[in-house]
Amino acid sequence: MIKDRVERVLKKMKEIGLSQLLITNPLSIYYLTDHLEHPGERFFALYLNNMGEHTLYANRLFLINEDLGLNIHWYSDTDNIMEKVACDIISDESLGVDNELPSKYLIPLIQYKAASDYQLGSYAVDYVRGIKDSDEQEKMMIASQINDMAMDRLKDYIKEGITEKEMEDYLLNIYKELGAEGYSFEPLIAFGGNAAEPHHFPDNSILQEGQCILFDIGCKKDNYCSDMTRTFFFKSVSDEHRKIYELVQKANEEAIKSIKPGLALKDIDKVARDIITKAGYGPYFTHRLGHFIGMDVHEYGDVSSTNDNRVEEGMIFSIEPGIYLNGDIGVRIEDLVLVTGDGCIRLNNYQKDLTIL
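This one's a predicted model, so the numbers in the text were calculated from it and none came from an experiment.

> Let's hear about the overall build of the chain: which residues, and what values?
Helix and strand counts for the chain stand at nine helices and 19 strands. A compact globule built from 357 residues would reach a C-alpha radius of gyration of about 21 Å, and the chain, at 23 Å, matches this within 12%. Projected onto the principal axes, the alpha-carbon positions of the chain cover approximately 70 × 40 × 35 Å. The buried share among the 357 residues of the chain stands at 55%. Pairs at least 24 apart in sequence give 66% of the contacts found in the chain among residues at least 6 apart. Total accessible area on the chain is roughly 15,600 Å²; 47% of this is exposed by carbon and sulfur atoms.

> So what's going on with helix 7 (residues 164–177)? Residues and values would help.
Over its 14 residues, helix 7 extends 20 Å from the first C-alpha to the last, a length consistent with the 20 Å expected when each residue adds 1.5 Å. Those residues of helix 7 lying buried are Glu164, Met167, Glu168, Leu171, Ile174 and Tyr175. Seen end-on, helix 7 carries its buried residues on one side only, within an arc spanning 115°. Structural note: helix 7 exposes Lys176 and Glu177 on the side pointing more than 90 degrees away from its buried face. Those residues of helix 7 hidden inside the fold are in contact with helix 6 (134–156), strand 7 (182–183), strand 8 (188–191), strand 9 (212–217) and strand 10 (219–221). Within two residues after helix 7, Gly179 carries a phi angle of roughly 95°, on the positive side.

> Go over the packing of helix 1 (residues 3–15) against helix 5 (residues 122–129), please, and point to the residues and values.
The contact between helix 1 and helix 5 brings their axes to 9 Å, and the two run at 130°. Relative to helix 5, helix 1 is oriented oblique. Considering how the two elements wind past one another, helix 1 and helix 5 form a crossing that is right-handed. Side by side, helix 1 and helix 5 meet where Arg5, Arg8, Val9, Lys12 and Met13 of the first sit next to Tyr123, Ala124, Val125, Tyr127 and Val128 of the second. Each residue belonging to the contact of helix 1 with helix 5 can be placed in one class, and the counts come to seven nonpolar, no polar and three charged.

> Tell me about the sheet that holds strand 7, and please be specific about residues and values.
The pairing of strands in a sheet comes from backbone hydrogen bonds and takes either a parallel or an antiparallel form. The strand order across the open sheet built from three strands is 7-10-11, with neighbouring strands paired in antiparallel fashion. The two strands at the open ends of the sheet, each matched to only one other strand, are strand 7 and strand 11 (224–225).

> Go over the side chain of His200, please, and point to the residues and values.
Its location among the elements puts His200 in the loop between strand 8 and strand 9. Its relative accessible area of 6% is what places His200 among the buried residues. Here Glu164 takes part through its side chain, which lies 2.8 Å from a polar atom of the side chain of His200. In this structure His200 touches Glu164, Leu188, Ile189, Ala190 and Asn194, once residues within four positions along its chain are discounted.

> Kindly report on the sheet that holds strand 5 (residues 95–97), identifying the contributing residues and their values.
If you trace the six strands from one edge of the open sheet to the other, you get 4-3-2-1-5-6, paired in mixed fashion. Only two strands of the sheet have a single neighbouring strand rather than two, namely strand 4 (71–75) and strand 6 (118–120). Direction aside, neighbouring strands of the sheet carry axes that sit 25° apart on average. Relative to strand 4, strand 3 (residues 55–59) runs parallel, the two sharing five bridges.

> Talk me through the packing of aromatic side chains; I want residue IDs and the actual numbers.
Counted according to the given criterion, the structure contains eleven aromatic pairs. With a centroid separation of 6.1 Å and 70° between ring planes, the pair formed by Phe233 and Tyr245 is classed as edge-to-face. Linking Phe233 in strand 12 (residues 228–233) with Tyr245 in helix 8 (residues 239–258), this pair joins segments that are twelve residues apart in sequence. With respect to class, Phe233 is no different from Tyr245; both count as buried. Ring pairs connect the aromatic residues Phe43, Tyr57 and Tyr105, which therefore count as one cluster. The ring of Tyr127 has Lys12 sitting right over it, with the charged end atom 3.8 Å from the ring centre. It is Lys159 that lies over the ring of Tyr157; its NZ or CZ is 5.2 Å from the centre.

Reading guide: rules and limits
Residues numbered from 1 in each chain as written. Predicted model: local features only at pLDDT ≥ 70, side-chain atom pairs only at ≥ 80, totals over all residues. Heavy atoms only, no water. Helix = DSSP H or I, 4+ residues; strand = E, 2+ residues; numbered from the N terminus. Rg over C-alpha atoms; globule rule 2.2 N^0.38 Å. Buried < 20%, exposed > 50% of the residue type's maximum accessible area, 1.4 Å probe, protein only. Contact = heavy atoms within 4.5 Å. Areas by Shrake-Rupley, 256 points an atom, 1.4 Å probe, with all protein chains shown as cover. Expected span 1.5 Å × (residues − 1). Arc of directions from axis to C-beta. Axes fitted to C-alpha atoms, helices over the stretch in contact; angles between N-to-C directions. Parallel < 35°, antiparallel > 145°, perpendicular 65-115°, else oblique. Left-handed = near helix turned anticlockwise from the far one by under 90°. Nonpolar A, V, L, I, M, F, W, Y, C, P; charged D, E, K, R; others polar. Pairing = 2+ DSSP bridges. Polar contact = N/O pair within 3.5 Å; in protein donor to acceptor, adjacent residues only side chain to side chain. Phe/Tyr/Trp six-rings, centres within 6.5 Å; stacked < 30°, edge-to-face > 60°. Lys NZ or Arg CZ within 6 Å of the ring centre and 35° of its normal.

The values reported here are purely geometric and, on their own, carry no functional implication.
Here it is as structure tokens:
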């Protein structure tokens, strides 16, 4: 097991009043054990308790050859694995379960009276995963460097008559050539009015002069994600569209400048939102400013108007203000930032001045 990470989770468990926790999210288990498994329908879980009696429950079909530094309980398809799990749980104490545990496993635990009660305990792991250690920071920097190169190649592929879908197909080849494992999420590629749909997926729309071109793309490298959005214009840009672009760029840059440890996450959102609102486009900025990212492209935590949590060194999240005018244009500029001791650094460095292709 990765001792420091486990100790941090145990400390967070204690802070929220949990002495034991059952983790079934495969990426969280990988984070704590350095073993990645894709269990499909089968039960795969890590049990932690404050006495150090940590157990991994794994089907015999799984291949775990390395020494993980913890007990492994192997089971077969015909075994009643939940009865065994129930026997290991401290019955007179509360059990934390994560939000990945299916009801087909949780209900038997309740029926076996495995614990005194059950609490959602994901926060104990999710919070710790939100503070990236030096190894994770390095991996995410590399993933973002690949994304910078991919954005540049994708931009150069733009030509008259091309479709959104053709751009998407080309992007996957770019990532593979650059050494990425694949997408961190399905890319959002949108021309013109399609870009006003924040989650528009590529279709057969054909690029036309004067349209915006929105690329929201990310790759995965060594199990860590990148995510970046840039908006370009094809052949020309109207005065209003230029104004919108420069406004979003200002909101992005000023929000990033404001970031420092101790600041409330909601105050970063406010910096960007106030800039857009004062210019009269507030109703057209329709989503939160950002999300946390790591092994999952969207992890626990966000940069939104309702998040009172404080910025901490090691956090990595996106800053992505946008303005969307239905049927006309969508502009979003997104960067990933890593919080440092006195501010933050951008993980992706692709330029974001208005560009006409």
